[in-house]
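Overview (structure and organization)
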Amino acid sequence: MTAAPLQLQSVAEVRAACADFRSVADRLRTEIGRVLVGQDEVVNQVLIALFANGHVLLEGVPGLGKTLLVRTLGRALGLSFSRIQFTPDLMPADILGTQIVVESQSGGGREMQFRPGPIFAQILLADEVNRASPKSQSALLEAMQERSVTIGGETRTLERPFLVLATQNPIEQEGTYPLPEAQLDRFLFKVIVPYVERTDLAKIVERTTGRVQHEEQVTPVLSAAQIEGAQQLARLVLAAPHVQDYAVRIVLASHPTGGGRERWGLAELDRMIVAGSSPRGAQSLLMAAKVRALLAGRCAVSTQDIAALAPASLRHRIARSFEAEAVGMTCDAIIQEIVRLVPAELQP
Amino acid sequence: MTELTPIQSVVARARRRIVLGALSVALGESLLWTGVSIAVIAIGAKVIARWWTPAGDRGVWFLGVIVGALAALAMWHYFTRMTRMPDVAVASVIDVRMKLHDRLSTAVAVAERTDAFARAAVEDGIRIATDKRMQEALARAIPIAAPRRWWAGPTLTAIACAIWWFVPGLSMGHAAQDLTKSETELQSAREAARMQIDSLQAQIESKPELSQALADAGSDKKLSGDPSEEKLKSADDVRRETTRQVNDLSKRLDDLLQGEKAQQLEAMKEALGRIEPTKAGPLKKLAEALKRGDAQRAKSELADLQKQVKDATMDEQSRAELAAQLSELAKQLKEGAEANDALKKALENAGLDGDLAKNPAAAKAAVEAAKNLNEEQVQALKQALQAQAKSNESMDKLARACESMCSQCKNGGAKAGKSQSKASQGGEGGKSSDETGEGDAGLASDALSEMEMLNELMKDAESARSQCQKSSCSGGATPSDQSGRSSMNANRAQGQGGQRTKEQTATGTRARKEKVESTGGDVIARQLVEAPPVVGESRATLQQLSGDIGTGSEEGTEEDPVPANLREVHKHYFGDLKKKIDAKTAQPVAPASDPSASPAAQPAAQPAVEPSTPAAGNASPATNPARANA
């Protein structure tokens, strides 16, 4: 099912569409907020990824509500939801599905029938994705990029919208398989799930130990068609050339040999970075910025949107050097330094 | 395309503010860097040296101006760059500073697009631009204020000025400074030396007679060596060499002024000075000119006289009077020549018989035979003999001319008539008489010309010598020094700088040269004394001298203290001297020396014997005025 192309002819229509988008997002945020306490920025970034049609890698210690967030999101969206608990013995077929021999319904014979795996859902929770072997992890590659899977020589299109929300634990590295760069690059965002604050924790405790199960109260507020419409609207959001250029400069600045490094004083970061963001990073950054502008009620992207989303968009695309790791310079610190040094004003 | 006037208005206002703000910042930076540069240069110039300030004391200001100019240039470049900023860039600056989420810049950037989102963005931009609070917010976001630390530049400049004017220079790097100074001084000295030498050379070469005379005297008219040459490494060396060369030239000129030609001229003047001019008559002017030594005037008068003598219309009485005066003049000229005053005086000064002057051959023989004369004195006397001979020859020529004219006068009327008739008949008597007369007159004219030439030569030599003395006094000083001195001594030009050193003054001072024996060294000073030099033999007794020595030594010791380690020696020497002199004069001169006399007393005891020794002839140094003068 594909939504009809969005046609906006007048300014009023644009403003109306933007307002609708905002109200829908607000409603969605409210529904999620019924279940998930706190983590507003995480929710916001997940919604941005949803409307930008991108996948999210959630990283945080256990118990912070990552799985709950994804499950609630699935319920609130009214989309099909499935969850895969990644383990070292997980096989690609366990994710994608497999062909099995079944009795022919017409009788008299047997036939091969495809039994879809959990990937055939619109919202996929890949829990502890770094615990599976690279072979199993790579089963997600095609699905995430092409929104289709090829099984037994047959390519099957996944139903849209298709959103992968993977989680990983940053602390337990024993027996894990860090995601390869190629797979990381498929994620629009890598969202760091922080520890909840005191008030939020109190609410969590209160909600989860009471008689009422709040998760059951979540009702779908957004259909798949509406999501696709919102995604189309996000693509129409204006990005002025100099704003787009800012995104490009930010991404280029993440490369050790990127342009303007001496000019902007970025040469100091060269030894901290092994590899910078791919072009997919720039695409993700700009697309996410468009959604952010819409969520803020604007019809054009600003450099502030780009600066705000740069860490989530780029942190998993930058490979740090040994020196950076040794001195404890995180990818976030590198990105913040880049954002601080690269001027937002138009550069000749 | 949507009308962007409100946005453009905001952009234009922002651009002005940006440019002014940038100018303010650039000005502050320029002042700061100019101040820093001047301060560094001033401190460096004081602490290290001045060699790195290209224009000496003014270098700091030159560099300060250069830095300021560069800063101004950078400021201008920045200014023009800012004024050329596109609208979207200015709008972008506004957006960033006012956190407008790029509404203005996006509106400017997509103004030409017609899609709904672009129009919505432009509307957003216009809405922001037309907001009433926009102007105030813009002023806050893009302030025009004095740059931070604007006071630093002027303060540093003031400090630098204070350092430059009030802080004395330290000693660091003075070697380099002194080196530069000495090099400069050396160049100045070389230039001054070159100028002095060139000036003297030019003066000598402008007088052919002087130049020729120097050449004839066997001394090259050119100065030897070049004091400005590179082998002389210090200014003092150059000055010393210049002084040496100038003194050398001065000495050669002195030789010329005291040489044969000078003596000849002196002898001629002395001989002519004996002439007693007639109080009246046709020969009065000639006689007076000759007495004055005015050869030029005398030559002119002689020519006039010849015309008068040849004049056939002259009456007999005038002719007789002229003949008598000519005869008298010829007689006086002969007497003057025969007097040989100069030679006589020279012979007598040399201890020879003055009458030998009348017989040059005998005088020459006597001079060559005199054993008490040294080689130099012999040469001087020979020179005087030659000068006197030439003088006498000139006097003789003049006398002969006068006699010839006298005879012409005596035979004037008849001879003139005869000669006319003989000439018409082709006779030879009158013609030969005329030729003889004209030949004598020609010789007289030559003699007077020679005297005139000698006069000029001596004047030129004197002038050149004065110039040498002046140069020698300046001692190779630089032209600026000389000009300073000349201005200071402007009122004393005649005494030190002029060439009229021998002019007779009201006090009766007359410059005169005494023959002295030089030791061959450089003359470092000369002084004209207003009195004849004391010459003669000392008649002081040894006892008087011994008393004077005792008191003089005590006074001298008080005025000029003797070093402590020599005081005893000094006291012993001069204290014993009187006793020894008294002892020597009390007893007759004994050939055996006193064994008790100390070796130190020997040189002092020696003069005690000399006065009692008979003078060794007239040529002893005591009787030689030249030596005594020396």
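Below you will find a few notes about this structure. All figures in this text were calculated on a predicted structure; none of them were measured in a lab. (Residues numbered from 1 in each chain as written. Chains lettered and ligands numbered in written order. Predicted model: local features only at pLDDT ≥ 70, side-chain atom pairs only at ≥ 80, totals over all residues.)

**Concerning the overall build of chain A**
Where we set the bar: Counting from the N terminus, the helices are DSSP H or I runs at least four residues long and the strands are E runs at least two residues long. Here the C-beta atoms are placed from the backbone, and a residue counts as buried if at least 20 other C-beta atoms lie within 10 Å of its own, exposed if 12 or fewer do, and partly exposed otherwise. Contacts are defined on C-beta atoms placed from the backbone: any two residues whose C-beta positions lie within 7 Å are in contact.
Secondary structure summary: chain A contains 15 helices and 11 strands in total. Looking at chain A as a whole, 45% of its 348 residues qualify as buried. Contacts in chain A between residues far apart in sequence, at least 24 positions, make up 78% of those at least 6 positions apart.

**Topic: the interface of chain B and chain A**
Buried accessible area, meaning the area lost when the parts come together, often serves as the stated size of an interface. Worth spelling out the cut-off: The nonpolar class holds Ala, Val, Leu, Ile, Met, Phe, Trp, Tyr, Cys and Pro. Asp, Glu, Lys and Arg form the charged class, and all remaining residues, Gly among them, are polar.
Taken together, the contacts link 18 residues of chain B with 23 residues of chain A. Only helix 3 (87-98), helix 4 (103-109) and helix 5 (116-129) of chain B provide two or more residues apiece to the side of chain B that touches chain A. Ranked by residues supplied to the side of chain B that touches chain A, first place goes to helix 5 of chain B with seven residues. A per-class count over the side of chain B that touches chain A returns 11 nonpolar, four polar and three charged.

**Focus on helix 13 (residues 303-314) of chain A**
All names here are of chain A. Quick reminder of the rule: One less than the number of residues in a helix, times 1.5 Å, gives the span that helix is expected to have.
With 12 residues, helix 13 extends 16 Å between its outermost C-alpha atoms, agreeing within 8% with the 16 Å of an ideal straight helix rising 1.5 Å per residue. Counting buried residues in helix 13 gives 11 out of 12 residues, a clear majority hidden from the surface. Considered for burial, the residues of helix 13 that qualify are Thr 303, Gln 304, Asp 305, Ile 306, Ala 307, Leu 309, Ala 310, Pro 311, Ala 312, Ser 313 and Leu 314.

**Topic: the sheet that holds strand 5 (residues 123-127) of chain A**
All names here are of chain A. Which entries qualify depends on this criterion: Here, strands pair whenever DSSP counts at least two bridges between them. Inter-axis angles, ranging from 0 to 180 degrees, are taken between N-to-C directions of lines fitted to C-alpha atoms, where helices are fitted over the stretch in contact.
An order of 2-5-8-1-9 is seen for the five strands of this open sheet, with the pairing classed as parallel. Each having just a single partner strand, strand 2 (81-85) and strand 9 (187-192) make up the two edges of the open sheet. Between one strand axis and the next, the sheet turns by 15° as a mean value, whatever way the strands run. As judged from the five bridges shared by strand 2 and strand 5, these two strands associate in the parallel manner. The partner of Ser 82 across the bridge, within strand 5, is Leu 124. The strands that helix 2 (residues 40-51) touches are strand 1 (55-59), strand 8 (163-168) and strand 9; relative to strand 9, the one it contacts most, it runs at about 175°. Contacts from helix 3 (residues 66-77) reach strand 1, strand 2, strand 5 and strand 8, with the element oriented near 170° to strand 5.

**Focus: the nonpolar core**
Just so we agree on the cut-off: Working definition: the nonpolar core is a set of buried Ala, Val, Leu, Ile, Met, Phe, Trp, Tyr and Cys residues, joined through C-beta atoms within 7 Å.
If you look at the biggest cluster of nonpolar residues, it comprises 138 residues, and the most contacted ones within it are A:Leu238, A:Leu285 and A:Ile306. Of all the elements, helix 12 (residues 279-295) of chain A adds the most residues to this core, at 10 residues. If near-sequence neighbours (up to four positions away) are discounted, A:Leu238 is found in contact with A:Cys299, A:Ala300, A:Val301, B:Thr106, B:Val110, B:Phe117, B:Ala118 and B:Ala121. Listed in part, the 71 residues of the second largest apolar core include B:Met268, B:Val309, B:Leu373 and B:Cys402.

**Concerning unusual backbone geometry**
Cis geometry is adopted by the peptide bond preceding A:Pro161, which originates at A:Arg160 and carries an omega value of -10°. Mapped onto the fold, A:Pro161 is located in the loop between strand 7 (154-157) and strand 8. Of note in this structure, B:His101 is not a glycine but carries a positive phi near 55°. Within the secondary structure layout, B:His101 lies in the loop between helix 3 and helix 4.

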